[in-house]
Amino acid sequence: MPVFRYKNSEIYYDLFGNEGDPALTLVNGLSMRTSHWAPYFKMLPQKGVRVLSYDMLGQGHSSKPILGVDFDDHAIMLKALHDHLGIEQPYVMGISFGGVVVLRYAIMFPDALKGLLPISTFSELDPVLTCHAANLYISMARVGFEFYLDLLMPLNFTNEWLSKNRDLLAIVKRVGSSGNEIYGIQNLMESLASFSTITPDLAKITVPTLILNGEYDALTPRHLHDIIRTNTPNSRMLVLPRMSHAFTLEIPELCARIFAEFIAQVGNGTWQGDQTVWIANEDANAPEIAYQCPGDHLRYVPQTSQEPTTQVKRTTWVRRSTRTAKSARKTVKAG
Amino acid sequence: MSDPSIEIRTRAMEFLKQQELSPDTQTRICLFLQGVKSINATILSRVEFQPMDWVPYKFLHSQCYKEVELTTLLGKSTTWSSNPLIFLAATQLNLSLWQETGAARYMGGMLKVDRNFYEYLALSHAFLSVIRILPLLSVQISLDTPFLSALKEIEEENGRQIQTQIRLLKDMAIELSLDEKENIIESQRQIVERLFLRLLDEITETRVAA
């Protein structure tokens, strides 16, 4: 694995694909490493996309400074890595914590990018996310790293994935706790303690921006992505049906296709940053990758009409309460 | 991460995944960790004898007694070697541990907010963060043995205890620039890294020689 020396630190990275193809940088979430992107190292080059992945400071094989590094430092380091590799006008995709890093990147270096993919992320902390962040921090610092990973599992993955991988979970946890240094992750988490909203700066992002959000993402739900969409002029939002926070790990085929098609659209000038909301097709091989969201996209289930789609036995509150009252009177008499 | 470091770690991983830890290996690991924890406990024991604000006292007190408790737990869980050369080699490494860390420098006088205490905190941070055996084991290996479960307990506890050092290293009101702080932290890390790699190197060599 190659290393980029930045000041006193070492940043490990992987670069796959053909020189000359458009380059997409994948920026990790909080406790991820480059190896989490392994499926994309094959799929994206096959679709004509060069792919760069790296461990942020504090993660995986990269240096883990004990004193603080903030979101802007990560964005500056990523820019330095691109410059070092001679990658001009890359696309950058960041998930969760990495999503904030790429938003900062696009704000700080608006002319350096060709396109932006913020995923499962936020530009400001709402009370629920603040509580989640505090819980995760306390679990890691006071209980232990494995419990931190336990807390993350149901926030990150769907029922389907957890059922399918039940036997692997203990191993996943061992790999996670072996591969991470607790103080490295702690340092990253502490960036959140001093985080103040970047929403007002989103207007500075001028590049095509495709925002991705899992339908059932309980950690960074829809409304946080909607804030990014409504404040980023050249954007669209794409909702991934039935997916949770870490859907890039669950459905790499569909995600790779979405990334590649976004890059193709921007490249050939067909991208439309009209701030509309779309829903991805669940079949990665479907002819159309997405359809426009027909209803209220801030609901879990956007509805096309007010009529229920399942058969229900209709009744009324009045009749039901009458029955309940009669039944209650009988019970009293019997008593 | 220099090449010799990667080479030694790779060799240790290869060695540790092949079989259960022998009494020789367990003894070497145990004596090294006991040496490290004894240094920490000895330095921290001074918090019992001096006035101090409650919050730092509480954390340092807890850490001191945890270090003693874990030393005992590890000793009880170890299948001890009957080879005197193993104990000789362990003693030599522990002598280097005292010499190279300059641990005695942190044992005199009162604990106070100065460069000396900052250096100790950085050393203690390195003890807790650099010395990790479990990441060298294959994730397929069950930790359900007395020795490995004790190691797991220790490394989990190290993760919790390290919070005290991190907070103080970051927030302590001390007249050191960021660069000075980073240099202190890095130099202490390198010392502990060298000692830990020597342990791994010797364990591997011991096995090869046997």
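Residues numbered from 1 in each chain as written. Chains lettered and ligands numbered in written order. Predicted model: local features only at pLDDT ≥ 70, side-chain atom pairs only at ≥ 80, totals over all residues. Heavy atoms only, no water.

Naming follows an unreviewed UniProt entry, where chain A appears as Alpha/beta hydrolase of Noviherbaspirillum sedimenti.

Residue and element names in this part refer to chain A. All told, the structure shown has 29 salt bridges over all chains when counted by the stated rule. With a closest N to O distance of 3.5 Å, Asp201 and Arg104 form a salt bridge. Residue Asp201 is found in the loop between helix 8 (182–193) and strand 7 (209–214), and its partner Arg104 is found in helix 3 (residues 97–108); the two are separated by 97 residues along the sequence. Take Asp201: its relative accessible area is 22%, and that puts it in the partly exposed class. According to the relative accessible area criterion, Arg104 is buried, its value standing at 12%. Between Asp201 and Lys204 there is a salt bridge, with the nearest N and O atoms lying 3.2 Å from each other. Among the charged side chains, a network of salt bridges with common partners joins Asp72, Arg104, Asp201 and Lys204. (Salt bridge = Lys/Arg side-chain N within 4 Å of Asp/Glu carboxyl O. Helix = DSSP H or I, 4+ residues; strand = E, 2+ residues; numbered from the N terminus. Buried < 20%, exposed > 50% of the residue type's maximum accessible area, 1.4 Å probe, protein only.)

Residues and elements named next belong to chain B. Of note, Asn83 is situated in the loop between helix 3 (54–77) and helix 4 (84–101). Note on Asn83: relative accessible area 27%, which makes it partly exposed. The spatial distance from the C-alpha of Asn83 to the C-alpha of Leu200 is 18 Å, given a sequence separation of 117 residues.

On to the interface of chain A and chain B, then. Facing 24 residues of chain A, the contacting portion of chain B comprises 26 residues. Interface area for chain A against chain B, summed over the two sides, is near 2100 Å², with a carbon-plus-sulfur share of 52%. Counting the contacts that link chain A with chain B gives 4 salt bridges. For the side of chain A that touches chain B, the elements supplying multiple residues, two or more each, are strand 2 (9–16), helix 4 (127–143), helix 7 (169–179) and helix 8 of chain A. Of the residues contributing to the side of chain A that touches chain B, the split by class is 10 nonpolar, 8 polar and 6 charged. (Contact = heavy atoms within 4.5 Å. Buried area = accessible area lost by both parts, 1.4 Å probe. Nonpolar A, V, L, I, M, F, W, Y, C, P; charged D, E, K, R; others polar.)

The next subject is the environment of Lys112 of chain B. Residues and elements named next belong to chain B. Mapped onto the elements of the fold, Lys112 is located in the loop between helix 4 and helix 5 (115–130). The class for Lys112 is exposed, based on a relative accessible area of 54%. With 60 residues separating them in the primary sequence, Lys112 and Met52 have C-alpha atoms 9.3 Å apart.

Moving on to the sheet that holds strand 5 (residues 91–95) of chain A. All names here are of chain A. Taken in spatial order, the 10 strands of this open sheet run 1-2-4-3-5-6-7-8-9-10, and their pairing is mixed. At either margin of the open sheet sits one strand with a lone partner, and together these are strand 1 (3–6) and strand 10 (290–292). Strand-to-strand twist of the sheet, defined as the mean angle between neighbouring strand axes without regard to direction, takes the value 25 degrees. Here 4 bridges tie strand 2 to strand 4 (residues 50–54), and the two strands are oriented antiparallel to one another. Residue pairing in the sheet places Phe16 in a bridge with Val51 of strand 4. Here helix 2 (residues 71–85) sits on the sheet and contacts strand 1, strand 2, strand 3 (23–27), strand 4 and strand 5; the angle it forms with strand 1, its principal contact strand, is near 120 degrees. Across the face of the sheet, helix 3 comes into contact with strand 3, strand 5 and strand 6 (115–119) while running at roughly 145 degrees to strand 5. (Pairing = 2+ DSSP bridges. Axes fitted to C-alpha atoms, helices over the stretch in contact; angles between N-to-C directions.)

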